[in-house]
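The chain contents come next:
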Amino acid sequence: MSSNSSFGIHDLSFATTEYVLSHEALAAYNGTEIGKYHIGIGQRSMSVPAADEDIVTLGATAAAPIIARHGSDRIRTVVFATESSIDQAKSAGVYVHSLLGLSSACRVVELKQACYGATAALQFAIGLVRRDPDQQVLVIASDVSRYELDSPGEATQGAAAVAMLVAADPALVRIENPSGLFTADVMDFWRPNYLTTALVDGQESVQAYLQAVASSWKDYGEQGGRALEEFAAFCYHQPFTKMAYKAHHHLLHHTGHETDKAAIEKAIGQTVAYNATIGNSYTASVYLALAALLDQADDLTDQPIGFLSYGSGSVAEFFAGTVAPGYREHLRTEANLAAIARREPVDHARYRELHERSFPSDGGEHLTPRQTTGPFRLAGLSGHKRIYQTR
Ligand code: CAA
C-alpha cells in the first residue's frame, strides 16, 4: 500500500419509507401557519414507516443495491448505527446481515451516540480498511425519528437509512485527517429505554448544536485542518434543514467571516433537498445531505467538502472529504429520486394511527398488516422474536 492511499466512501445508497405526511396536512390539523414549517424550520414533508417497516427493513433496503453492484466477498464487517434500536442486546445489523445473505465470516455490531453514530461508524470503518485495504466495511445508518404527538418536535420527525461501502481508493469521497472533536454532557435530547418517543429540550438542543459546531471547528483548526475558504460545500446534520443554515451562519460569524445570505446558500443550498422532504433521519441525515449535494452539484471533482456531524447528548465531529475523480459515474441519482417519489401520501388520521402502533409485550404471535411494497418486511413478532421476510 502506498503512503498516499486514500480511504472513504466507495458507494452510497439510501432508502426511506412507504408513506409520507405533508407538512400542509400537519399544519391544517394543528392550526400552525404553514410558513413556520416551510420557511421557519425548512421542511416540506416527513417519511412515515408502514406497520411492517422498521430500522432493519430500511437498512437492508438501503444496502441491497450496494451488494448487487459490488458483491459481498470483501465485506468482513458490518456496522449498524442507530438511536432507534429494536433490541437491547442483539445488533439490528445481524438481521440485515441475514436478509442480505452475507458471509458468516463477518463481524457485525451496532453503534449508538444519537445522530453522531454513523460518523463514528464511518471513522471506525476507515480504521479497519486502513489496516487491511483488501477488506471493505458496510456501514448502515438507520433511524425512525419519533416524538410525542402534538409536541413541538412532531414537525421534525422522519425516517430513512443510508448504507455506505467504506473502502480503499473510494469512488465517491476520500475522507481526510484530521477531525475536530467535541463531547459535552448535556440533556438536550434523549430517549430512556422505557419510552418509545424521544424527549427534547428544543431551544436548548439548538444552542447545544451551535456550541458543538464552534467547538469541533476549533479543534479541527488546532489539529491542522483546512481553512474555511477551501470548502466547496458543507454537509451538516439536518434535524430540520433550517438548522444547517443556522449552523453555517454561526460558523461564519464565529470565525469572523461575512454572513451574507448568498454565501450561506452557496455552501448549504444543494445539501438540503432530500432532508427537506424525508424529515429527520437522525444519524443518516448528514449522509443524505452528501447524497443530495453529489446528485445536484456541478462537477465537484477534487473539491473539499466539510462535514459536521452532531449527536445530542452530545458528541460532534467536523471533518473533510474530497470528491473522487469520476464520482459521477457511481452516483445513484435516479434511484434516490425514486425512493422519495414512490412514497404514498397518508392523511393525518392515518399518520396518527401508524404513529401510535406498538407490539404488545406478552410474547404472543402478533402479525403486521402487509403494507410495504419494498423488498423486505417485518412480518410480526412471535415469542418475543421479530420475524422478517424478503418479498
Ligand atoms: N413564517 C415563517 N417563519 C416562522 C413562522 C411563519 N409563519 N412562524 C414561526 N416561524 C419561525 C420562527 O421565527 C423560528 O425561526 P428561528 O428559529 O429562525 O427563530 C422557527 O420558525 C421555529 O419556530 P419556534 O422556535 O417557535 O418553533 P418551536 O418552538 O415549535 O420549536 C424546534 C422548533 C425547537 C426545532 C422543535 O421542532 C423541536 O424541538 N424539534 C426537535 C429538536 C431538534 O430538532 N433540535 C435540533 C438540534 S438537536 C439535533 O440536531 C439532534 C436531533 O437530530 C434531534
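Conventions and cut-offs
Residues numbered from 1 in each chain as written. Predicted model: local features only at pLDDT ≥ 70, side-chain atom pairs only at ≥ 80, totals over all residues. Heavy atoms only, no water. Helix = DSSP H or I, 4+ residues; strand = E, 2+ residues; numbered from the N terminus. Rg over C-alpha atoms; globule rule 2.2 N^0.38 Å. Buried < 20%, exposed > 50% of the residue type's maximum accessible area, 1.4 Å probe, protein only. Contact = heavy atoms within 4.5 Å. Areas by Shrake-Rupley, 256 points an atom, 1.4 Å probe, with all protein chains shown as cover. Lys, Arg positive; Asp, Glu negative; His and termini not counted. Charge placed at Lys NZ, Arg CZ, Asp CG, Glu CD. Polar contact = N/O pair within 3.5 Å; in protein donor to acceptor, adjacent residues only side chain to side chain. Near = heavy atom within 4 Å. Nonpolar A, V, L, I, M, F, W, Y, C, P; charged D, E, K, R; others polar. Core = buried A, V, L, I, M, F, W, Y, C linked by side-chain atoms within 4.5 Å. Phe/Tyr/Trp six-rings, centres within 6.5 Å; stacked < 30°, edge-to-face > 60°. Lys NZ or Arg CZ within 6 Å of the ring centre and 35° of its normal. Pairing = 2+ DSSP bridges. Axes fitted to C-alpha atoms, helices over the stretch in contact; angles between N-to-C directions. Expected span 1.5 Å × (residues − 1). Bend = angle between axes of the 7 residues up to and from the residue.

With an unreviewed UniProt entry as reference, the chain is termed Wt1.10, source organism Streptomyces sp. WT1.

Caption draft 1: Spotlight on the overall build of the chain. What the chain contains, in helices and strands, is 12 helices and 17 strands. At 20 Å, the chain has a C-alpha radius of gyration in line with the 21 Å of a compact globule built from 391 residues. Counting only residues that meet the buried cut, the chain has 58% of its 391 residues in that class. Of all intrachain contacts in the chain linking residues separated by at least 6 positions in sequence, the fraction that spans at least 24 positions is 74%. With the model as given, the accessible surface of the chain reaches about 16200 Å², and the carbon-plus-sulfur share is 50%. On the chain, the mean spot of the 31 positive side-chain charges and the mean spot of the 43 negative ones are 4 Å from each other.

Caption draft 2: How the structure looks around the side chain of threonine 241. For threonine 241, the position within the fold is in helix H7 (residues 241–254). The class of threonine 241 is buried, set by a relative accessible area of 4%. When sequence neighbours within four positions are dropped, the list of residues in contact with threonine 241 reads Ile41, Gly42, Gln43, Val272, Asn275 and Ala276.

Caption draft 3: Representation of the side chain of serine 281 in the model. Tracing the sequence through the fold places serine 281 in the loop between helix H9 (273–278) and helix H10 (285–296). Serine 281 gets classed as buried once you look at its relative accessible area, which sits at 0%. Only 3.2 Å separates the side chain of serine 281 from the backbone nitrogen of serine 285, close enough to count as a polar contact. Each residue touching serine 281, except ones within four places of it in the same chain, is listed here: Asp143, Ala159, Ala160, Asn275 and Leu288.

Caption draft 4: Spotlight on the site of the ligand. Lys36, Pro152, Ser205, His237 and Lys246 are the nearest of the 24 residues found near the ligand. Between glycine 35 and the ligand, the recorded distance is 3.5 Å, taken from a backbone N or O atom to a nitrogen atom. Within the contact set of the ligand, an oxygen atom lies 2.9 Å away from a backbone nitrogen or oxygen of proline 152. For the ligand, the protein covers 71% of the area, taking 1100 Å² as the surface of the free molecule. Broken down by secondary-structure element, the contributors of at least two residues to the shell around the ligand are helix H2 (34–40), helix H6 (202–222) and H7. Among the residues making up the shell around the ligand, the classes are represented as 10 nonpolar, 10 polar and 4 charged.

Caption draft 5: Structural context of the nonpolar core. Membership of the largest hydrophobic core comes to 51 residues, with the highest contact counts inside it found for Ile9, Leu12, Phe14 and Tyr287. Looking at this core, the element that brings in the most residues is H10, giving 9 residues. The contact partners of leucine 12, leaving out residues within four places of it in the chain, are Ile66, Val162, Ala163, Met164, Leu172, Tyr287, Leu290, Ala291 and Arg332. Met46, Phe234, Tyr236 and Ala247 belong to the second largest nonpolar core, which has 44 residues in total.

Caption draft 6: Here's a closer look at the environment of tyrosine 310. Counting through the fold element by element, tyrosine 310 comes out in strand E12 (residues 304–311). Residue class for tyrosine 310 comes out buried when judged on its relative accessible area of 2%. Considering only alpha carbons, one finds tyrosine 310 and alanine 120, 190 residues apart in sequence, at a separation of 11 Å. Beyond its immediate chain neighbours, meaning those up to four positions away, tyrosine 310 contacts Cys115, Tyr116, Asp188, Ser205, Ala208, Tyr209, Ala212, His237, Val315 and Ala316.

Caption draft 7: Inspection of the packing of aromatic side chains at higher detail. Applying the stated rule across the entire model yields 16 aromatic pairs. With a centroid separation of 5.0 Å and 90° between ring planes, the pair formed by tryptophan 217 and phenylalanine 318 is classed as edge-to-face. Here the residue tryptophan 217 occupies a position in helix H6, and phenylalanine 318 occupies one in strand E13 (residues 315–323), the gap between them amounting to 101 residues. Through a chain of ring-to-ring contacts, three or more aromatic side chains come together here, namely Trp217, Tyr220, Phe231, Phe234, Tyr236 and Phe318. Of note, lysine 90 hangs over the ring of tyrosine 95, and the distance from its end group to the ring centre comes to 4.5 Å.

Caption draft 8: How the structure looks around the sheet that holds strand E17 (residues 385–390). In space, the 3 strands of this open sheet follow the order E15-E16-E17, with antiparallel pairing throughout. Each edge of the sheet is formed by a strand with only one pairing partner; in this case those strands are strand E15 (366–367) and E17. The pairing of strand E16 (residues 376–382) with E17 spans 6 bridges and is classified as antiparallel. In the sheet register, arginine 377 faces E17, and the bridge partner there is glutamine 389. In the packing of helix H3 (residues 55–70) onto the sheet, contacts are made with E16 and E17, and the angle to E16 comes to roughly 155°.

Caption draft 9: Local environment of H3. Between its first and last C-alpha, H3 extends 23 Å over 16 residues, near the 22 Å set by a 1.5 Å rise per residue. Most pronounced at alanine 63, the bend in H3 amounts to some 30°, and the proline proline 65 follows within four residues. Every buried residue belonging to H3 is among Ile55, Val56, Thr57, Leu58, Gly59, Ala60, Ala62, Ala63, Ile66 and Ile67, and all of these are buried. Directly after H3, the chain includes glycine 71, whose backbone phi takes a positive value near 70°.

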